[in-house]
Amino acid sequence: MSEHLKTNNALIKWIDHRLPVFSMMNETMIDYPAPKNLNYWWNFGSLAGFALVVMIVTGIVLAMQYTAHVDYAFNSVERIMRDVNGGWLIRYIHMNMASFFFIVVFIHMFRGLYYGSYKAPREILWMLGVVILLLMMATAFMGYVLPWGQMSFWGATVITNLFSAIPVFGEAIVVWLWGGFSVDNPTLNRFFALHYLLPFVIVGVVVVHLWALHRFGSNNPLGIEANGQQDKIPFHPYYTVKDAFGVGVFLLAFSGFLFFAPNFLGHPDNYIPANPLVTPAHIVPEWYFLPFYAILRSIPDKLLGVVAMFASIGILFILPWLDRSPVRSAKFRPVYKWFFWLFFANCILLGWVGQEAAEGLPLILGRLATAWYFIHFLVVLPLLGVMERPKPLPVSISEPVLSGGGGLAAAAAKPMEKA
Amino acid sequence: MAADSAHASQQSQDEETRRDFLYLMATAMGVVGTGAFAWPLVNSMNPSKEVLALASTEVDLSPIEVGQSLTVMWRGKPVFIRHRTEAEIAEAADVALDELPDQEADADRVVKPEWLVVGGNCTHLGCVPLGQKTGDEKGEYGGWFCPCHGSHYDTSGRIRKGPAPENLPVPPVEFLDDTTIKIG
Ligand code: HEM
Ligand code: FES
């Protein structure tokens, strides 16, 4: 795999000599050497990128029809749905792709947890991913406010009020966020400005995320470093084709929701115009916030609830230092593997609790699940790092293949040519 | 020789500290200058003059019967006005202060005991508690109940149970005559 651009086109050569964009594209997307054993869980990175592009394209077109004013916002969205040519399609794509974007990113992250992709030397890559998650959450939260329905308004009220838990400055910060004494027109305006801006900030962080990725290349299902050229294949055509196939399957599932159940993931109350005098009987955030909302509600103290909710994401930043096990992939970690699935189930449980009223059984389960969420990171992972006995690792990525599924003998005989 | 070179290095060290000083001053100026220009941008997001100007509301209390409530808007938020019954007033006044999470006497929260005027947003995360309409659930203490995360307020609008940390706030209230108040 040569890192040099192969072309006979004189214009491309001329440009590339002065501004090596073509070489760069070649190195990152065409000749880029990727581990040859990546499975389908590795599709979700490029899928996330695809979703981001769809959000930006549909968002810009929506913004041409949308009015960010408390008196017009709701009606401008209804106008998009009824009068604008294909407006319903564009809005439903934007609405449902927001959900699918989160599904994809959550799977992408669980992939990282299972295969230990956050471990050295990929800590910064992982942390940039957490930054992207936070930016996505901010973007989606502010986007949900724009249609100015009941859930928009009360979601915005509840979430901005989280900041009033900050000692001393809390009230001043909330008034500053609102630009008034309640969620109102100034709030809607600035949320629109930021909702337009943040996706482009995400693009910027994604570029840095990929920069960090290409420093050491992708992790892989075995979690061992690729050992030179025999462990790698060029990104194009192998992974371009595989990723494109993934996009096809993804779009199939997406179209199911888009055309047959476009409001399934939303809340009907958001089709009632915002009313500052009446809170809906049961306010719930969008589904992708539910586990975090459950953590917030399971703690009876306001400040501690807010702290726990932010900590549940913040803890991901220090994950690379909490998990001390030298082995990356859960394939070779017989105990961690079970705790991974327990953690996964616990997250689903938190999501379920988040949409129930905070009383009785859901409240108790929510408290237990919240406790387990933190115990997993703060107790289980550090302990496993020292107590677990990992299974023996294969010598290289090629070895299990060349030796027909195992054994060290074949590995020794294998050619070790270096790139 | 040795003295000479010691002298030279002394001098270059002197120069370095001077240069360090200049670096430090220049950087500090840059930071302060940027901060000074960032402040107006940040401050522009605070409530503007016309938002602040909408700061008071007058309410006619005469149509509200004993036991009834009215919700009015003040600064874009609901304000609860309750014409309290004798029983409600007594209940609010009789509570021992040390039973309250946020200790405040009922007498300090009202101008006239029969008229309770409090902000209508839960001090937890801002939902509008139930209890204004006759059929509403009023919570375990007969005042208001916030369904969002289960906060109970008493007949003085004080928090008694649930995640809300503070009592419903009392806005500035002034009686213009017997049946008219100005809020704000
Ligand atoms: C990270 C990418 C993005 C996410 C996660 C996101 C998320 C959302 C969400 C959840 C809604 C509410 C949909 C609804 O219930 O109606 C929304 C609405 C909206 N978004 Fe975005 N968005 C993104 C990017 C953008 C961009 C780049 C623009 C414009 C340049 C944009 C413009 C709009 C507009 C105008 C609305 C209001 C119309 C509507 O409610 O459908 N979005 N967004
Ligand atoms: S907002 Fe009232 S209890 Fe949370």
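Residues numbered from 1 in each chain as written. Chains lettered and ligands numbered in written order. Predicted model: local features only at pLDDT ≥ 70, side-chain atom pairs only at ≥ 80, totals over all residues. Heavy atoms only, no water.

Things to note about the overall build of chain B
Part 1 of the reasoning: Regarding its fold elements, chain B presents 3 helices and 9 strands.
Part 2 of the reasoning: When the elements of chain B are put in sequence order from the N terminus, they spell out α-α-β-β-β-α-β-β-β-β-β-β.
Part 3 of the reasoning: In terms of overall size, chain B is more extended than a compact globule, its C-alpha atoms giving a radius of gyration of 29 Å where 184 residues would be expected to give roughly 16 Å.
Part 4 of the reasoning: Structurally, chain B occupies a C-alpha span of about 100 × 40 × 30 Å along its principal axes. (Helix = DSSP H or I, 4+ residues; strand = E, 2+ residues; numbered from the N terminus. Rg over C-alpha atoms; globule rule 2.2 N^0.38 Å.)

Concerning unusual backbone geometry
A negative phi angle characterises most non-glycine residues, just as the trans form characterises most peptide bonds.
All names here are of chain A.
Part 1 of the reasoning: Put simply, alanine 120 and proline 121 share a cis peptide bond, and its omega is 5°.
Part 2 of the reasoning: Residue placement: proline 121 occurs in the loop between α5 (87-115) and α6 (123-145).
Part 3 of the reasoning: Each neighbour pair has its own omega, and for histidine 236 with proline 237 the value is 5°, a cis peptide bond.
Part 4 of the reasoning: Phi at valine 168 is positive, roughly 65°, even though this residue is not glycine.

Structural notes on the nonpolar core
Part 1 of the reasoning: Judged by nonpolar contacts, the single largest core of 121 residues is most densely connected at A:Tyr66, A:Leu113, A:Tyr373 and A:Phe377.
Part 2 of the reasoning: At 15 residues, α5(A) tops the list of elements feeding residues into this core.
Part 3 of the reasoning: Dropping the residues within four chain positions of it, A:Tyr66 is found in contact with A:Ala73, A:Ser76, A:Val77, A:Ile80, A:Leu146, A:Leu188 and A:Phe192.
Part 4 of the reasoning: Within the second largest apolar cluster, 12 residues are counted, among which are B:Leu61, B:Ile64, B:Trp115 and B:Ile181. (Core = buried A, V, L, I, M, F, W, Y, C linked by side-chain atoms within 4.5 Å. Buried < 20%, exposed > 50% of the residue type's maximum accessible area, 1.4 Å probe, protein only. Contact = heavy atoms within 4.5 Å.)

Observations concerning the state of the cysteines
One way to say it: the disulfide is the covalent bond shared by the sulfur atoms of two cysteines.
Residue and element names in this part refer to chain B.
Part 1 of the reasoning: By the definition in use, this model includes 1 disulfide over all chains.
Part 2 of the reasoning: With a sulfur-sulfur separation of 2.0 Å, cysteine 127 is cross-linked through a disulfide to cysteine 148. Handedness of the cysteine 127-cysteine 148 disulfide follows from its S-S torsion of about -95°: it is left-handed. Of this pair, cysteine 127 sits in the loop between β4 (115-119) and β5 (142-146) while cysteine 148 sits in the loop between β5 and β6 (151-154), and the two are 21 residues apart along the sequence.
Part 3 of the reasoning: Taking the relative accessible area as the measure of exposure, cysteine 127 reaches 1% and is therefore buried. (Disulfide = S-S within 2.5 Å.)

Quick look at the interface of chain B and chain A
Part 1 of the reasoning: Between chain B and chain A, the contact holds 24 residues from the first and 24 residues from the second.
Part 2 of the reasoning: Summing both sides of the interface, chain B and chain A together bury roughly 2,100 Å²; the carbon and sulfur share of this comes to 68%.
Part 3 of the reasoning: Joining chain B to chain A, the criterion identifies 9 residue pairs in polar contact (both at pLDDT 80 or more).
Part 4 of the reasoning: When contributions to the side of chain B that touches chain A are tallied by element, the ones reaching two or more residues are α2 (49-53), β2 (69-74) and β3 (77-83) of chain B.
Part 5 of the reasoning: Broken down by class, the residue content of the side of chain B that touches chain A amounts to 14 nonpolar, 8 polar and 2 charged. (Buried area = accessible area lost by both parts, 1.4 Å probe. Polar contact = N/O pair within 3.5 Å; in protein donor to acceptor, adjacent residues only side chain to side chain. Nonpolar A, V, L, I, M, F, W, Y, C, P; charged D, E, K, R; others polar.)

Structural notes on the confidence of the model for chain B
The predicted coordinates of low-pLDDT regions are not to be read in fine detail.
Part 1 of the reasoning: Per-residue pLDDT for chain B has a mean of 88; in total, 92% of the residues score no lower than 70.
Part 2 of the reasoning: Of all the helices and strands in chain B, helix α1 (residues 2-43) of chain B carries the lowest mean pLDDT, 80, while β4(B) carries the highest, 95. (pLDDT = per-residue confidence, 0-100.)

Here we look at the UniProt feature "transmembrane region" (unreviewed entry) in chain B
Part 1 of the reasoning: The sites that carry the UniProt feature "transmembrane region" (unreviewed entry) are, in the present numbering, residues 21-42 of chain B.
Part 2 of the reasoning: Here residues 21-42 of chain B runs as 100% helix and 0% strand, with 31 Å between its end C-alpha atoms. (UniProt positions renumbered as here; feature names shortened; annotations may be inferred.)

Focus on the pairing of β4(B)
All names here are of chain B.
Part 1 of the reasoning: Counting buried residues along β4, 5 of its 5 residues qualify, which places the element largely inside the surrounding structure.
Part 2 of the reasoning: Residues Trp115, Val117 and Gly119 line one face of β4 and the alternating positions Leu116 and Val118 line the opposite face, and both faces are buried.
Part 3 of the reasoning: As judged from the 5 bridges shared by β3 and β4, these two strands associate in the antiparallel manner. Counted as the bridge partner of valine 79 is glycine 119 from β4. (Pairing = 2+ DSSP bridges.)

As for the packing of aromatic side chains
Part 1 of the reasoning: A full pass over the atoms with the stated rule returns 40 aromatic pairs over all chains.
Part 2 of the reasoning: Each ring, one from A:Phe343 and one from A:Tyr373, has its centre 5.4 Å from the other, and the planes form 45°; the classification is tilted. Remark: A:Tyr373 occurs in helix α14 (residues 360-387) and A:Phe343 occurs in helix α13 (residues 336-354); sequence separation between them is 30 residues. We note that A:Phe343, like A:Tyr373, is buried.
Part 3 of the reasoning: Through successive ring pairs, a cluster of aromatic residues spans A:Trp42, A:Phe110, A:Tyr114, A:Tyr115, A:Tyr336, A:Phe340, A:Trp341, A:Phe343, A:Phe344, A:Tyr373, A:Phe374 and A:Phe377.
Part 4 of the reasoning: B:Arg75 extends its terminal NZ or CZ atom over the ring of A:Phe181, reaching a point 3.7 Å from the ring centre.
Part 5 of the reasoning: Over the ring of B:Phe175 we find B:Lys112, and its NZ or CZ is 4.3 Å from the ring centre. (Phe/Tyr/Trp six-rings, centres within 6.5 Å; stacked < 30°, edge-to-face > 60°. Lys NZ or Arg CZ within 6 Å of the ring centre and 35° of its normal.)

What to know about the sheet that holds β5(B)
Within a sheet, each strand pairs with its neighbour through backbone hydrogen bonds, oriented either parallel or antiparallel.
Residues and elements named next belong to chain B.
Part 1 of the reasoning: As summarised here, the arrangement of the 3 strands in space is β5-β6-β7, forming an open sheet in which the pairing is antiparallel. Each of the sheet's edge strands pairs with one partner strand only, and the pair in question is β5 and β7 (159-161). Strand-to-strand twist across the sheet, computed as the mean angle between neighbouring axes with direction ignored, equals 35°.
Part 2 of the reasoning: Here β6 pairs with β7 via 2 bridges, running antiparallel. In the strand pairing of β7, tyrosine 153 is matched with isoleucine 159. (Axes fitted to C-alpha atoms, helices over the stretch in contact; angles between N-to-C directions.)

Examining a nonpolar patch on the surface
Residue and element names in this part refer to chain A.
Part 1 of the reasoning: A surface patch of nonpolar side chains, amounting to about 570 Å² of accessible area, comprises Ile375, Leu378, Val379, Leu383, Val386 and Met387.
Part 2 of the reasoning: Here leucine 378 shows up in helix α14.
Part 3 of the reasoning: Of the residues examined, leucine 378 reaches a relative accessible area of 47% and is grouped as partly exposed. (Patch = residues over 30% accessible without salt bridge, like charges linked within 9 Å, V, L, I, M, F, W, Y side chains within 5 Å. Areas by Shrake-Rupley, 256 points an atom, 1.4 Å probe, with all protein chains shown as cover. Salt bridge = Lys/Arg side-chain N within 4 Å of Asp/Glu carboxyl O.)

Topic: the site of ligand 1
Residue and element names in this part refer to chain A.
Part 1 of the reasoning: Near ligand 1, the surroundings consist of 25 residues, among which Gly59, Arg91, His94, His195 and Tyr196 are the closest.
Part 2 of the reasoning: In the model, an oxygen atom of ligand 1 is placed 2.7 Å from a nitrogen or oxygen of the arginine 91 side chain.
Part 3 of the reasoning: In this structure, a nitrogen atom belonging to ligand 1 sits 2.8 Å away from a side-chain N or O atom of histidine 195.
Part 4 of the reasoning: Of all the elements in the fold, those that place two or more residues in the shell around ligand 1 are α3 (44-63), α5, α6 and α9 (185-216). (Near = heavy atom within 4 Å.)

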